[in-house]
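Listed below are the residues making up each chain.
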Amino acid sequence: DIQMTQTPSSMPASLGERVTISCRASQGISNYLNWYQQKPDGTIKPLIYYTSNLQSGVPSRFSGSGSGTDYSLTISSLEPEDFAMYYCQQYDSSPDTFGAGTKLELK
Amino acid sequence: EVQLVESGGGLVQPGASLKLSCVASGFTFSDYWMSWVRQTPGKTMEWIGDIKYDGSYTNYAPSLKNRFTISRDNAKSTLYLQMSNVRSEDTATYYCTRETYYGYNPYFDYWGQGVMVTVSS
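Reference entry: report on the structure contained in this document. (Residues numbered from 1 in each chain as written. Chains lettered and ligands numbered in written order. Predicted model: local features only at pLDDT ≥ 70, side-chain atom pairs only at ≥ 80, totals over all residues. Heavy atoms only, no water.)

## Let's talk about the nonpolar core
Of all hydrophobic cores here, the largest spans 41 residues; its most connected members are Phe98 of chain A together with Leu20, Trp36, Leu79, Leu81, Tyr94 and Trp111 of chain B. Residue contacts for Tyr94 of chain B: discarding those within four places in its chain leaves Glu6, Leu20, Trp36, Val37, Arg38, Ile48, Phe68, Leu81, Met83, Gly114, Val115 and Val117 of chain B. By size, the runner-up hydrophobic cluster in this structure holds 24 residues, among which are Met11, Leu47, Tyr86 and Cys88 of chain A. (Core = buried A, V, L, I, M, F, W, Y, C linked by side-chain atoms within 4.5 Å. Buried < 20%, exposed > 50% of the residue type's maximum accessible area, 1.4 Å probe, protein only. Contact = heavy atoms within 4.5 Å.)

Structure below.
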């Protein structure tokens, strides 16, 4: 299975701050990477698909980039509703695998 | 509005079987691949497997293939996960998800609220 190393595991940040979350795959995944957000109530929604495509309805402050083994999710200016868990997911090779998650916390 | 509502979870003894259900609404269920994903108490996400829109093909995580079975009833817009010989490490919240495609690139565009399964004697 492809291992996804997601960093950091937690990140204290302030409103208005720019933050970046990273995922490194154990082998190249050809941009086959998605990002999800999980709110404290457990609700999960997609943010970014195929590395850099913004899901409909997701604010433009979210963006994704990367290639090869290294990918990132950037939030340009944190809003109160962005404090949540974030997960990357690769689908280059079955089984799909997820990163361990990043908890974005209010500093 | 797309809704996915899981049910069937609870406390189950090791070695027992359990069947989860997910009732879908707000879209044409028979048009979509569907998946199950679980989240452990430590927040680790694990893909369990998926099923083709017509039920003719399933794909599983190798570690779960021998114990878990995914099926669907398109007439009832319902997805199922049959779990057998459950173990303590199966304790998790189980999510039903809809797969959608951007070209050939799949992602989970809708998730249920999740159903908890606790395996303990």
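## As for the interface of chain B and chain A
Each partner contributes to the interface: chain B provides 17 residues, whereas chain A provides 20 residues. Buried surface at the junction of chain B and chain A, summed over both partners, amounts to about 1,700 Å²; 62% is from carbon and sulfur atoms. If you sort the residues of chain B by the area they bury against chain A, Met45, Tyr107 and Trp111 of chain B come out on top, with a joint share of 33%. Summed over the shared surface of chain B and chain A, the result is zero salt bridges. Summed over the shared surface of chain B and chain A, the result is eleven residue pairs in polar contact (both at pLDDT 80 or more). At the level of secondary structure, the elements contributing two or more residues to the side of chain B that touches chain A comprise β4 (34-39), β5 (45-51), β9 (92-102) and β10 (105-111) of chain B. (Buried area = accessible area lost by both parts, 1.4 Å probe. Salt bridge = Lys/Arg side-chain N within 4 Å of Asp/Glu carboxyl O. Polar contact = N/O pair within 3.5 Å; in protein donor to acceptor, adjacent residues only side chain to side chain. Helix = DSSP H or I, 4+ residues; strand = E, 2+ residues; numbered from the N terminus.)

## Focus on the sheet that holds strand β1 (residues 4-7) of chain A
Residue and element names in this part refer to chain A. The strand order across the open sheet built from four strands is β1-β3-β8-β7, with neighbouring strands paired in antiparallel fashion. Either end of the sheet is taken by a strand with one partner, and the two such strands are β1 and β7 (62-67). Neighbour-to-neighbour, the strand axes of this sheet turn through a mean angle of 15°, independent of strand direction. Inspection of the sheet shows strand β3 (residues 19-25) paired to strand β8 (residues 70-75) by six bridges, in the antiparallel sense. Opposite Val19, over in β8, you have Ile75 as the bridge partner. (Pairing = 2+ DSSP bridges. Axes fitted to C-alpha atoms, helices over the stretch in contact; angles between N-to-C directions.)

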